[in-house]
Amino acid sequence: MTLDFEGRAIAVRPGQSLAAALTEAGVLDLRDTRRGPGGRGLYCGMGACQDCVMVVDGVPNTRACMTKAVSGQQVMRQPHPAPLPQRTTGTRPLALEDLPEETPELLVVGGGAGGLAAALAARRAGVEVLLVDERGIPGGQYYKQAMPGLAPMDAQQSEGAALLAACREAGVRILDGTEVWGAFAPLLFLATRHGQTLRLRPRAAVLATGAQERALPFPGWTLPGVMTTGAAQTLWRSYRTLPGRRVLVAGNGPLNLQVALELAAGGAQVVAVAEASSGLRPLALARMLRAAPKLAAKGLGMLVTLRRHGIPLRRGRLLRSVTRTADGALLAELDDGTRHTVDAVLCGYGFQPETALLRAIGATHAMQDGLLRPQRDAQMQTSMEGLYAVGDGCGLGGAPAALAEGEIAGLAAARALGRSAPSDAPVRASLVRHRAFQDALWQVFRAPFPGLVLAQPETLVCRCEEVTLAQIDAAIAAGPGDIGEVKRRTRCGMGRCQGRYCAPLLAARMGVDDSFAPRVPARPVRISDLLGS
Amino acid sequence: MTDIAVIGGGIVGMCLARELAMAGRDVTLLDSGHHAGTTANAGSLHVQMQSRFLRMYPELVPNLEASLPLYPEAARRWRLLAEDLGADIELRQSGGLMVCETAEHYEFLAQKCRREQALGLQVEMLDRAALRRVAPYLGDAVHGAELCAEEGKLNPLLANEALRRDLQARGVPYHIGHRIARIEAVREALLLHGTDGSVIRAGRVVLAAGAGSGALAGSLGAPLPTVAEPLHMNITEATAPLILHLVQHAERMITLKQLAAGQVVIGGGWPARFAGPQDFPTVEAASLVGNLSLAQHIVPPIGGLRLLRSWAGVNTTADGQCILGPLPQEPRVHVAVPGDAGYTLGPLVASMAAALLLGRDPGFATDRFTPARFSRAASG
């Protein structure tokens, strides 16, 4: 099985993403930008950043990370600007009512830990539940399911598979490959699935939209081969594709250690892990051990394994820059001056909640630590009746906390829908423990978010519209105005990722607790997909 | 204390403050900063009459025809302004097509075309074959079109920013986030009471606050029925140059154009609404689906593009005509609110308002635009 990449045959394994197949073949540079050729590659690996868009079977702006590689597919790097296929016949104009409609009692958006737990709890209480997930196989970023034909890699994947199976057995309807991009008050959602747009009109909804890595601009952060830790983890866990032979991992938090070990076990040479936090804090460690001894022990075990693999852990170190060498490799430099020649650089400096749908529908948010989070009551209900939000989409709490929040929301929604549901007291108690563990964990890994500390004047802050730090500073200095005004002056935040990655950076630069105005769609949606095939 | 306070920092307010500053007047510009209409402009340059309105409201035809000469002049003013600002605002008078889908509508357009030619517009009819040659991007559904050479487009983000910088260079005080709640007239001055409790004293005031002008005039006892009309707008990701013209539909709500950087802006008057405690202009699903499906119906290749963002711009309506000149109840307060197609008319309306304020010739008969017409209607 092969696909055609600009005349070159590239091997495809069934179920592999296009991004994985190309990475495996050493194709990292996927598109041009306004500034010219030699542009961008895979970055977030989860459909959010839109940097990996390519021309697939003649259709431009197709995300390599979210598209299945198929035998015989015609794939091309995307030029800028990308021409459109010729077409002289349009379909007839449509009304909203012409779109197929689903009216489940409860809609769950997102099939990660929080969403699956919410769906299962509500379904077991007798609620009719529809769960939609954007990926080919639900499971979210924690459970990251493997493509068909691969056995679960470890307990983490098999737990996810078991939870997914439990949902199916209980009678949760699951629509995979379904991207929800529109949210309108009181409770109308628009979603696209296989080129068809659906109207979702539930009586209640749980949004479990997860999180994405925070952007950390440094010179070279947009080079093909520089990607998020999560993107690399998806390549490996879901598709058994290594991001490169030699890999450097840099960032903050336990996921970087886990992914470094997974890739090393998979045969990659991990040259170093640069961890921004500087040292072990005995008090925080003790608290972490008390809150969740097993998880804490697993974490400490990772440090031992790292040493056994001979992977140096550079504490208190940041990645300073990445450049491309003449032979196509990446040269990464840490802030202690050490240099590493690698094929891939993985960055993971923490996460930000995915709040686009919640903001678009009008739920109240508050700024906390420079990031917007939805406000919720103890039942996980947002400021809007019947709309619940759970998991990392509300602020990072980790998978166990997301499971607990999902269950609480699922039970609350069931009660609100007139079902009798069991008490949530036990799961509430577990949530308290999980949150205590998370707090202690992030005390161990405590480090200030570097923000724009590493960025140089010519470093891009807005990847999509290619706005540099110097341009942003000039616009801020040009006169009074809120964050929206700076957006309009510079185009920062007007591109394909819709401001997800640059908004928190810009707000911090301006010293304001603000973000860009919420806009529909929450993800770019192809106009022909609105109309059906 | 300022000699002249201009309330509203949109296209009209900025151009007006600029003209007054150029005339050597002491002028201060105040803007509420509250999702003001101007910061959401689409950047179309409209000249020809809306065929749909002519059919739906034949009684308004005399009004529309009376205002028609403003539009080619407004487009010309934009060109002059762009040269004057010395900034590339991506202004292109590349022509505007009003397309239709049936022979009957084509005939109606042809009548409109003849009438507009008589009134001095550069317009011509294009049948299906002629249209294919100049606009191959249009779909099979399109029967023909009226082409208006003076129409076009510009990038409002660049234009607004260039104007702001120009005002800054001229030293015009520009207060963003300063919302005026009411105006109080005392013998020696006008007192502008801010929502924050502040008071600004001004010798004269121009209301250039779009739909917000009505409430301010109302605080002086002058009826001014301006209504805020939130309208749905869309923008796609960029594509290679495809759509040369400003495209409109003779019978349906659609306006679209491609910006110089390649994005396609799609609007046409589909409704949005004000939502939430802050009255945030918010889009509706029905408008999004209706507007975009119509866009690909007319220009089929658009189907391959992805929608990046939709938003609600705020249009101001009163009776379809400009409102220009002093309030009869308080002649120290002038009004500068454009009629239909406010962004197109902005620089021209500002210039006419400045002339009226300074006692100069506005270049057009402005009697029919006087705010007094609403007082007459109210008392009659």
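About the criteria used
Residues numbered from 1 in each chain as written. Chains lettered and ligands numbered in written order. Predicted model: local features only at pLDDT ≥ 70, side-chain atom pairs only at ≥ 80, totals over all residues. Heavy atoms only, no water. Helix = DSSP H or I, 4+ residues; strand = E, 2+ residues; numbered from the N terminus. Rg over C-alpha atoms; globule rule 2.2 N^0.38 Å. Buried < 20%, exposed > 50% of the residue type's maximum accessible area, 1.4 Å probe, protein only. Contact = heavy atoms within 4.5 Å. Areas by Shrake-Rupley, 256 points an atom, 1.4 Å probe, with all protein chains shown as cover. Lys, Arg positive; Asp, Glu negative; His and termini not counted. Charge placed at Lys NZ, Arg CZ, Asp CG, Glu CD. Pairing = 2+ DSSP bridges. Salt bridge = Lys/Arg side-chain N within 4 Å of Asp/Glu carboxyl O. Disulfide = S-S within 2.5 Å. Domains from an automatic or database assignment. Buried area = accessible area lost by both parts, 1.4 Å probe. Polar contact = N/O pair within 3.5 Å; in protein donor to acceptor, adjacent residues only side chain to side chain. Nonpolar A, V, L, I, M, F, W, Y, C, P; charged D, E, K, R; others polar. Axes fitted to C-alpha atoms, helices over the stretch in contact; angles between N-to-C directions. Expected span 1.5 Å × (residues − 1). Phe/Tyr/Trp six-rings, centres within 6.5 Å; stacked < 30°, edge-to-face > 60°.

Chemist: Before we go on, may I ask you to explain the overall build of chain A in this structure?
Modeler: Regarding its fold elements, chain A presents 15 helices and 31 strands. Relative to the compact-globule value of 24 Å for 533 residues, chain A shows a C-alpha radius of gyration of 22 Å, a close match. Each of the three principal axes of chain A carries a C-alpha extent, and together these read 70 × 65 × 55 Å. Split into buried and exposed, the 533 residues of chain A put 60% on the buried side. The long-range fraction of contacts in chain A, counting pairs at least 24 apart against all pairs at least 6 apart in sequence, stands at 65%. Approximately 19700 Å² of chain A is accessible, and the part contributed by carbon and sulfur atoms is 53%. Put simply, chain A has 59 plus and 46 minus side-chain charges, and the middle of one group is 3 Å from the middle of the other.

Chemist: How should I be thinking about the pairing of strand β13 (residues 246-249) of chain B in this particular structure?
Modeler: Within a regular strand, side chains alternate between the sheet's two faces. All names here are of chain B. Neither face of β13 is exposed, since Leu246 and Gln248 on one face and Val247 and His249 on the opposite face are all buried. Note that strand β4 (residues 96-100) and β13 share four bridges and pair parallel. Residue pairing across strands places Val99 opposite His249, the latter belonging to β13. Across two bridges, β13 lies against strand β14 (residues 255-258) in antiparallel orientation. Directly across from Val247, in β14, lies its bridge partner Leu256. Hairpin connection, β13 to β14: the antiparallel pair is bridged by five residues.

Chemist: Is there a simple way to think about the pattern of salt bridges in this case?
Modeler: Side-chain pairs of opposite charge can arise whenever the charged atoms involved come near each other. Residues and elements named next belong to chain B. Tallied over the full model, the rule gives 51 salt bridges over all chains. Across the pair Asp84 and Arg18 runs a salt bridge, and its minimum N-O distance is 2.9 Å. Of the two residues, Asp84 sits in helix α4 (residues 70-85) while Arg18 sits in helix α1 (residues 11-22), which places them 66 residues apart along the sequence. We note a salt bridge from Glu161 to Arg164, for which the minimum N-O separation is 2.8 Å. Placement of both Glu161 and Arg164 in helix α7 (residues 156-169) is noted, with a separation of three residues, approximately one turn of the helix. Here Glu161 matches Arg164 in class, with each residue buried.

Chemist: How should I be thinking about the state of the cysteines in this particular structure?
Modeler: Two cysteines whose sulfur atoms are joined by a covalent bond form what is called a disulfide. Residues and elements named next belong to chain B. This structure, assessed with the given rule, holds zero disulfides over all chains. The cysteine Cys15 is free of any disulfide, with Cys322 supplying the nearest cysteine sulfur at 14 Å. Cys15 gets classed as buried once you look at its relative accessible area, which sits at 5%. Looking at Cys113, it has no disulfide partner, and the nearest cysteine sulfur is the one in Cys148, 9.1 Å off. Given a relative accessible area of 4%, Cys113 falls into the buried group.

Chemist: For this particular structure, what's the right way to read the domain arrangement of chain A?
Modeler: A common way to report how large an interface is uses the accessible area buried once the components associate. Residues and elements named next belong to chain A. On domain assignment, one finds that chain A holds domain 1 (2-76), domain 2 (96-212 + 352-418), domain 3 (217-348) and domain 4 (454-533). The C-alpha-based centres of domain 3 and domain 4 are spaced at 28 Å. Of the roughly 760 Å² buried at the junction of domain 3 and domain 4 (both faces included), carbon and sulfur atoms supply 72%. The tally of links from domain 3 across to domain 4 stands at two residue pairs in polar contact (both at pLDDT 80 or more). Here the side of domain 3 that touches domain 4 is composed, by residue class, of six nonpolar, one polar and one charged.

Chemist: Any chance you could explain the sheet that holds strand β18 (residues 306-317) of chain B here in plain terms?
Modeler: Note on sheets: strands pair through backbone hydrogen bonds, and any given pair is parallel or antiparallel. An order of β31(A)-β18(B)-β12(B)-β15(B)-β14(B)-β13(B)-β4(B)-β6(B)-β5(B) is seen for the nine strands of this open sheet, with the pairing classed as mixed. Each edge of the sheet is formed by a strand with only one pairing partner; in this case those strands are β31 (525-526) of chain A together with β5 (123-127) of chain B. Pairing analysis gives two bridges linking β31 of chain A to β18 of chain B, with the strands arranged antiparallel. Residue pairing for β18 of chain B: Val525 of chain A is matched across the bridge by Leu307 of chain B. Of the strands in this sheet, β4, β12 (227-236), β13, β14, β15 (264-267) and β18 of chain B are in contact with helix α9 (residues 285-298) of chain B, which crosses β12 of chain B at around 50°.

Chemist: For this particular structure, what's the right way to read α4 of chain B?
Modeler: All names here are of chain B. In a regular helix each residue adds 1.5 Å, so 16 residues correspond to 22 Å; α4 covers 22 Å between its end C-alpha atoms and thus fits that length. Those residues of α4 that sit buried are Leu70, Tyr71, Pro72, Glu73, Ala74, Ala75, Trp78, Leu81, Ala82 and Leu85. On its buried face, α4 is in contact with α1, β3 (44-45), α3 (61-67), α7 and α10 (342-358). A positive phi of about 65° marks Gly86, the residue just after α4.

Chemist: Help me understand the packing of aromatic side chains in this model?
Modeler: For any pair of aromatic rings, geometry is given as the distance between the ring centres together with the angle between the planes. All names here are of chain A. This structure, assessed with the given rule, holds six aromatic pairs over all chains. Ring centres of Tyr43 and Trp221 lie 5.9 Å apart, and the angle between their planes is 85°; this geometry places the pair in the edge-to-face category. In this pair, Tyr43 is assigned in the loop between β4 (36-40) and β5 (53-56) and Trp221 in the loop between β16 (211-213) and β17 (226-228), connecting sequence segments 178 residues apart. We note that Tyr43, like Trp221, is buried. A centroid spacing of 5.8 Å and a plane angle of 70° characterise the contact between Tyr43 and Tyr501, whose relative ring orientation is edge-to-face. On the criterion of sequence distance, the pair formed by Tyr43 in the loop between β4 and β5 and Tyr501 in the loop between α13 (483-490) and α14 (503-510) is long-range, its members being 458 residues apart.

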